[in-house]
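Notes for the structure review
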Amino acid sequence: MFPLASRMELVSESITLKVSAKANALKKAGVDVVGFGAGEPDFDTPAFIKEAAKQALDKGQTKYTPTPSIVELKQSIAEKFNRENNLPYKPDQITVGAGGKHCLYMAFMAILNPGDEVLIPSPYWVSYPEQVKLAGGVNKYIAGEEKNDFKITPQQLERAITAKSKVLVLNSPSNPGGHAYEPNELKALADVVAKHPNLVVFADEIYEKLVYGGLKFVSFATLHPQLLEQTLTFNCHSKSFAMTGWRVGYIGGPKPAIDAINKLQSQMTSHITSFCQMPAAIALNDPKGAESIEQMRREFEKRGAHMHKRLSELPKVTCVRPRGAFYCFPNIGAYLGKKAGGVDITDAVSFSAALLEQNHVAVVPGNDSGFDNHVRLSFATSMEQIDKGIDRIAEFLKKIS
Ligand SMILES: Cc1ncc(COP(=O)(O)O)c(C=O)c1O
């Protein structure tokens, strides 16, 4: 046995990765798998951003930079927050990390003491609980209900807050639920938070640009005068600019929190890749960026509506209509406790494994998101693939008895 740190026992093995490893193995063996697992846009990074990266390399932007990023990027993010989100952050209230994930991890590390509670509405993005555990915190889930489109109520939030509650994570639009709060619903949660001045909110707004059905996105920290002091706002280039591989994420928040995160990052990664910084700055403030986002958003809106319609027509399957991000999260609970082709279907993991094995469709089980009777399907794929995959799911469901 290699002598690993005991903290490694805190982190769970990802069930999701097991399913995607199996899907990849099948694909490699020549099987035609329909993949609904992807958590990233199927579009390419816009050409003007790639061009800016080539120029950054040619100009020799290949050396160390300041930890929170070059001045131009901090400035560009501050302008974006002010212009688009009505958030009056100054450049020294901004830091940049290696994607939204790394930003969240650094923030948990900078803010949690051992035993501090973190309130997480479910269904939740798989990495929150694992990051909280690594930072010594304790996860406390607030159960979103399907009948309420997975959105928690102000009463639920009020009931969940205790003297030990340090952080509330709010992710709207949401992965994996596909739900998003209306401004008035978010305002009602903001009013509860404002009554608890020691509670810090992590507003994960990385899907802000991908909203559907006329939903108006508002930034959480704008909803009550006190919240600017209580909120860290997280965003990234990954989903809006189809830049998942570039690893650019950023945080806006009160200066003492940003300073602490910078101190941490200065001893971890130093800063993000130097030649990704100028293109990231240009992406946020060039009108071409907004145009490419809107093009992608419109396409996702069509696909999401279509996938939702097809899933809702499947017998005994229910599905909340996606209002944001690029996921449907249908309830397949009616098929649990049965068999498919001789295999026991006990939860979303066995459902997903049998669906992949028998009908060659890859979906993500909801277990890691707190829902073992739901699966996640990404509509970041073509209409043809959506139809082909859901036809196969229909065939699979027919077999289950
Ligand atoms: C809700 C949520 N937050 C944060 C992230 C992390 O994004 P990034 O790829 O920029 O690390 C993801 C990625 O899937 C996500 O879905």
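Our structure is the block above this text.
Residues numbered from 1 in each chain as written. Predicted model: local features only at pLDDT ≥ 70, side-chain atom pairs only at ≥ 80, totals over all residues. Heavy atoms only, no water.

1. Regarding the packing of aromatic side chains
Operational definition: Whether two aromatic rings pair depends on their centres lying within 6.5 Å, for rings of Phe, Tyr and Trp, where Trp uses its six-membered ring; planes under 30 degrees apart make the pair stacked, over 60 edge-to-face, and the rest tilted. Exposed residues in this analysis have more than 50% of their type's maximum accessible area, buried residues have under 20%, and partly exposed residues fall in between, with area computed by a 1.4 Å probe over protein chains only. Strands here are runs of E lasting at least two residues and helices are runs of H or I lasting at least four, both read from the DSSP assignment and numbered beginning at the N terminus.
The tally for this structure, following the rule as stated, stands at 17 aromatic pairs. Relative to Tyr 327, the ring of Phe 326 has its centre 4.9 Å away and its plane inclined at 55 degrees; by these criteria the two rings are tilted. An identical accessibility class is assigned to Phe 326 and Tyr 327; each is buried. On the basis of an interplanar angle of 85 degrees and a centroid distance of 5.3 Å, the ring pair of Phe 351 and Phe 396 is categorised as edge-to-face. Pair noted here: Phe 351 is in helix α12 (residues 348–359) and Phe 396 is in helix α13 (residues 383–399), with a separation of 45 residues, a long-range link. For Phe 396, a relative accessible area of 0% corresponds to the buried category. A network of ring pairs unites the aromatic residues Phe 43, Tyr 207, Tyr 212, Phe 300, Phe 326, Tyr 327 and Phe 379 as a single cluster.

2. Re the sheet that holds strand β2 (residues 94–97)
Operational definition: Any two strands with at least two DSSP bridges between them are considered paired. Only the contacting stretch of a helix is used when fitting its axis, a line to C-alpha atoms as for every element, and angles between N-to-C directions run 0 to 180 degrees. Residues count as neighbours in contact if any of their non-hydrogen atoms are within 4.5 Å of one another.
Read from one edge of the open sheet, seven strands run β2-β8-β7-β6-β5-β3-β4, paired in mixed fashion. The open sheet has two edge strands with one neighbour each: β2 and β4 (138–143). Adjacent strand axes in the sheet meet at a mean angle of 25 degrees when their direction is disregarded. Contacts from helix α3 (residues 71–85) reach β2, β7 (231–236) and β8 (249–252) within the one sheet, and its direction differs from that of β2 by about 115 degrees. Along the sheet face, helix α9 (residues 255–268) touches β2, β7 and β8 and points at about 30 degrees away from the line of β2.

3. Quick word on the packing of helix α1 (residues 15–28) against α12
To keep it simple, the criterion reads: When an angle is under 35 degrees it counts as roughly parallel; over 145 it counts as roughly antiparallel; between 65 and 115 it counts as roughly perpendicular; any other value is oblique. Here the nonpolar group is Ala, Val, Leu, Ile, Met, Phe, Trp, Tyr, Cys and Pro; Asp, Glu, Lys and Arg are the charged ones; every other residue, Gly included, is treated as polar.
Two elements in contact, α1 and α12, have axes separated by 10 Å at closest approach and are oriented at 5 degrees. On the basis of the axis angle, α1 is roughly parallel to α12. Two secondary-structure elements touch here, α1 through Ile 15, Val 19, Lys 22, Ala 23 and Leu 26 and α12 through Val 349, Leu 356 and Glu 357. Within the contact of α1 with α12, the residues separate by chemical class into six nonpolar, no polar and two charged.

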